[in-house]
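# An overview of the molecular structure
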Amino acid sequence: MRKSSFIVLIIALFVALGTNVVLAANAKPEGQIVIVGTDVETLNPMLSESTYETVVLNGIFSQLIRMDEAGNLVPDLALEVPTVDNGGISPDGKVFTFHLRKDAKWHDGKPVTAKDVVFTWEMIMKAPQVVSRDGFDDIQRMETPDDYTVVMYLKEQRAAWLLNWAAISGAIIPSHAWKDVAPTEFTKAHVLSRQPIGSGPFKLAEWKSGSHVILEANKEYYGEGPYLAKLIYRAVSDNNTQLTMLKTGEADIAMSLVGDQYPQAEAIKRLQVSLDPGSAYTHMTFNLDNPLFQDKRVRQSLNYALPRQLIVEKVLHGIGVPATTSTAPVLWAYNDDLKPYPFDIEKAKQLLTEAGWVDKDGDGIREKDGKKLAFSLSTSAGAKERAQIAQIAKQYWKEIGVDLEIKLVEATMLFGDVLENRKFDMIMFGWLTPADPDEFTLYHSSQIPTPENEMLGQNYAGYVNPKVDQLLEKGKALLDQEERLPVYYEIQRILYDELPLLYCYYFVDIHVAPKNLENWRPAPFTNGINWNVNQWKLVK
């Protein structure tokens, strides 16, 4: 690919790239912010899959670069975001050079150096329990010409490759702390996953599982701020309790408010409240190892019998958008030619009959080859909206001859053992889409977690489609956005037809924060509501 095409891609994706101005860490931290959300399971960024955990991890850890609320890449540990123009990206797009700040320190006082960046990459590539190596496995090798320069050599050009280092999974970890830990011991249970050493604007002061995480200002932080003395995360899954805590002043930010709570939140005078289209979506993932779901007509039938508009109106109180695939409307690759499946009970019944599922004994449940069309749907306990959606699905799927069991599971168990080890028939949760449409880790067959690949990847459905594999690989390799667009359009068309997941709705986020919280700029992407928590300041 010629140099000009690479520059066009970078500009199109990120709009503007920042340069890091070295600031003295001279802020005087004052006050605290209390955030309430679902309990956290780990404080290891490479092992985390939860947006709730991201909120805590954003305070503790630093990254080479970050993404702001508009999708622009901005420097963090790097002095500037590499580009072709500044010499950080080679003309062939295969060599990336990062120049690091010299004033960054770990929370134990040791300097952050290029050695830590290399170590982070090596651990991602070696540790069996990391969530994904996608993007990081594009790196052929790294070199460190000096303590504050890292040169990364890619195997081949990759579109939007820099985004890997802007995700929390690319947060830099301290080599001196982890160096004697074997990759097989790099787990959620390890002491450093529970008492992490970061280089971010806040240090871990206390973590009590099931209750709270308390972060205290890192007064030796290299960048702007922090201006808050404390950031407190309280584990409160029930959104009614979250709303009550906002009303009483026990909480400042709630992460799980639902549609019918919006007017009540808006009435709290001390809060600023907004509705913002997000990149997240709620879905139900099939376990395609289950023979019940291997005929796509069954999956399509369930999709036709899921009343999305009713869910948006009755459960979300109009604050949401019926979904078509996992690519949200806020993303540049969204295919607006696809429309949500219409709610059609008769079509759903027809598809099941065509697939050989009939009610032979008159008990209202269809059967085939002596097996009932009965299965379970797991979702998180305390998530009121999802429990309501599950009940709606149960009601309407019963009309087409399906027996659905609802399993409400504590969040740490749901996102731990149940999801990671694929111990479900169907599972419902929310997923936050990255700024780039590449969803290799969700749909490529190599990303199915299995004992053979040490449970690596996020293709929890177990979806296998050689055509989709080919398209995903092609989309990653192309650099020009206009050339990539038809690739991702085609992927969406295939997913829309084959439905490894039932796509329920796209989020419209209810964002609440104190009116006197300066620099509150929540992002719709995977970097979370507090990507700039170092800049948060309470003004009088």
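Look up a bit, the structure's there.
Let me sum up the structure you'll find in this document. Numbering of residues begins from 1 in every chain and follows the order in which that chain's sequence is written. Given that this is a predicted model, residues contribute local features only at a pLDDT of at least 70 and side-chain atom pairs are listed and counted only at 80 or more, while totals for whole chains, interfaces and linings are drawn from all residues. Here the side-chain values reflect all heavy atoms present in the structure, with hydrogen atoms and water set aside.

## Observations concerning the packing of helix 9 (residues 296–304) against helix 11 (residues 345–354)
Throughout, an axis means a line fitted to C-alpha atoms (over the contacting stretch in the case of helices), and angles, computed between N-to-C directions, take values from 0 to 180 degrees. Numbering of helices and strands runs from the N terminus; a helix is a DSSP stretch of H or I covering at least four residues, while a strand is a stretch of E covering at least two. Closest axis-to-axis distance for the helix 9/helix 11 pair is 8 Å, and the angle between their directions is 165°. Of the possible angle classes, the one that applies to helix 9 and helix 11 is roughly antiparallel. The handedness of the crossing between helix 9 and helix 11 is left-handed. Contacts between helix 9 and helix 11 involve Arg297, Val298, Gln300, Ser301 and Tyr304 from the former and Lys347, Ala348, Leu351, Leu352 and Glu354 from the latter. For this classification, the nonpolar set comprises Ala, Val, Leu, Ile, Met, Phe, Trp, Tyr, Cys and Pro, the charged set comprises Asp, Glu, Lys and Arg, and every other residue, Gly included, is treated as polar. A class-by-class count of the residues in the contact of helix 9 with helix 11 yields five nonpolar, two polar and three charged. Throughout, the term roughly parallel applies to angles under 35 degrees, roughly antiparallel to angles over 145, roughly perpendicular to angles from 65 to 115, and oblique to all others. Each crossing is labelled by how the near helix is turned from the far one, with a counterclockwise turn of less than a right angle marking it left-handed and a clockwise turn marking it right-handed. In this analysis, two residues are considered to be in contact whenever any of their non-hydrogen atoms come within 4.5 Å of each other.

## Observations regarding the sheet that holds strand 8 (residues 212–217)
The pairing criterion for strands is at least two bridges between them, as found by DSSP. The mixed open sheet is built from five strands, whose spatial order is 7-8-9-1-10. Each having just a single partner strand, strand 7 (202–208) and strand 10 (253–254) make up the two edges of the open sheet. Pairing of strand 8 with strand 9 (residues 230–235) involves five bridges; the strand directions are antiparallel. Looking at strand 9, one finds that histidine 212 is bridged to arginine 234.

## Considerations on helix 7 (residues 239–248)
Exposure categories follow from relative accessible area, calculated using a 1.4 Å probe and restricted to protein chains: below 20% of the type maximum is buried, above 50% is exposed, and the middle band is partly exposed. When helix 7 is considered as a whole, its buried residues turn out to be Asn239, Gln242, Leu243, Met245 and Leu246. All buried residues of helix 7 fall inside an arc of 160° around its axis, so they share one side. N or O atoms closer than or at 3.5 Å make up a polar contact, with two conditions inside protein: a donor-capable atom paired with an acceptor-capable one, and, for residues adjacent in sequence, both atoms drawn from side chains. At the N-terminal boundary of helix 7, the capping side chain belongs to aspartate 238, with an oxygen 3.1 Å from the backbone nitrogen of asparagine 240. Once helix 7 ends, the next one or two residues include glycine 249, with phi positive near 90°. Note that the arc is computed from the directions linking the helix axis to the C-beta atoms.

## Topic: the sheet that holds strand 15 (residues 374–380)
Spatial ordering of the open sheet is given by 12-18-11-17-15-16, a layout of six strands whose pairing is mixed. The outermost strands of the open sheet, each flanked by one partner alone, are strand 12 (320–322) and strand 16 (403–409). With strand direction ignored, the average angle separating the axes of adjacent strands in the sheet is 25°. Both strand 15 and strand 17 (residues 426–432) contribute to a ladder of two bridges, which runs parallel. Paired with leucine 377 across the strands is methionine 426, a residue of strand 17. Contacting strand 11 (271–286), strand 15, strand 16, strand 17 and strand 18 (501–514), helix 12 (residues 384–399) crosses the sheet at an angle of about 170° to strand 16. Contacting strand 15, strand 16 and strand 17, helix 13 (residues 411–420) crosses the sheet at an angle of about 110° to strand 17.

## Some remarks on helix 10 (residues 308–315)
Buried residues of helix 10: Arg308, Ile311, Val312 and Val315, and no others. Projection of helix 10 onto a plane perpendicular to its axis shows the buried side chains occupying an angular sector of 110°, all on one side. On the buried face of helix 10, the contacting elements are helix 9, strand 12, helix 12 and strand 18. After helix 10 finishes, the residue histidine 317 shows a positive phi value of roughly 55°.

## Structural notes on the pattern of salt bridges
One side-chain nitrogen of Lys or Arg within 4 Å of one carboxyl oxygen of Asp or Glu is enough to make a salt bridge. With the rule as written, the count across this model stands at 22 salt bridges. Here arginine 422 and aspartate 289 are joined by a salt bridge, their closest N and O atoms 3.0 Å apart. With arginine 422 in the loop between helix 13 and strand 17 and aspartate 289 in the loop between strand 11 and helix 9, this residue pair connects regions lying 133 residues apart in the sequence. Among the salt bridges present, the one from glutamate 367 reaches lysine 372, with a minimum N-O distance of 2.7 Å. Relative accessible area serves as the criterion here: at 29%, lysine 372 is assigned to the partly exposed category. Sharing partners across several salt bridges, the network here consists of Asp134, Asp138, Glu156, Arg158 and Lys476.

## Thoughts on the packing of aromatic side chains
Only centres within 6.5 Å qualify two rings of Phe, Tyr or Trp (six-membered ring in Trp) as a pair; their planes then separate them into stacked at under 30 degrees, edge-to-face at over 60, and tilted for everything else. Enumeration according to the criterion identifies 17 aromatic pairs in this entry. Look at tyrosine 221 and tyrosine 222: their rings are 4.4 Å apart centre to centre, the planes differ by 40°, and that puts the pair in the tilted class. A relative accessible area of 3% places tyrosine 221 in the buried class. With relative accessibility at 3%, the residue tyrosine 222 sits in the buried group. Chaining the aromatic ring pairs together yields one cluster made of Phe286, Phe293, Phe375 and Trp397. We call a charge positioned over a ring when the NZ of a Lys or the CZ of an Arg lies within 6 Å of the ring centre and within 35 degrees of the ring normal. In this structure, arginine 194 is placed above the aromatic ring of tryptophan 207, and the distance from its NZ or CZ to the ring centre is 3.9 Å. We note lysine 537 situated over the ring of tyrosine 227; from NZ or CZ to the ring centre the distance is 4.2 Å.

Distances and angles like these do not, on their own, reveal function.
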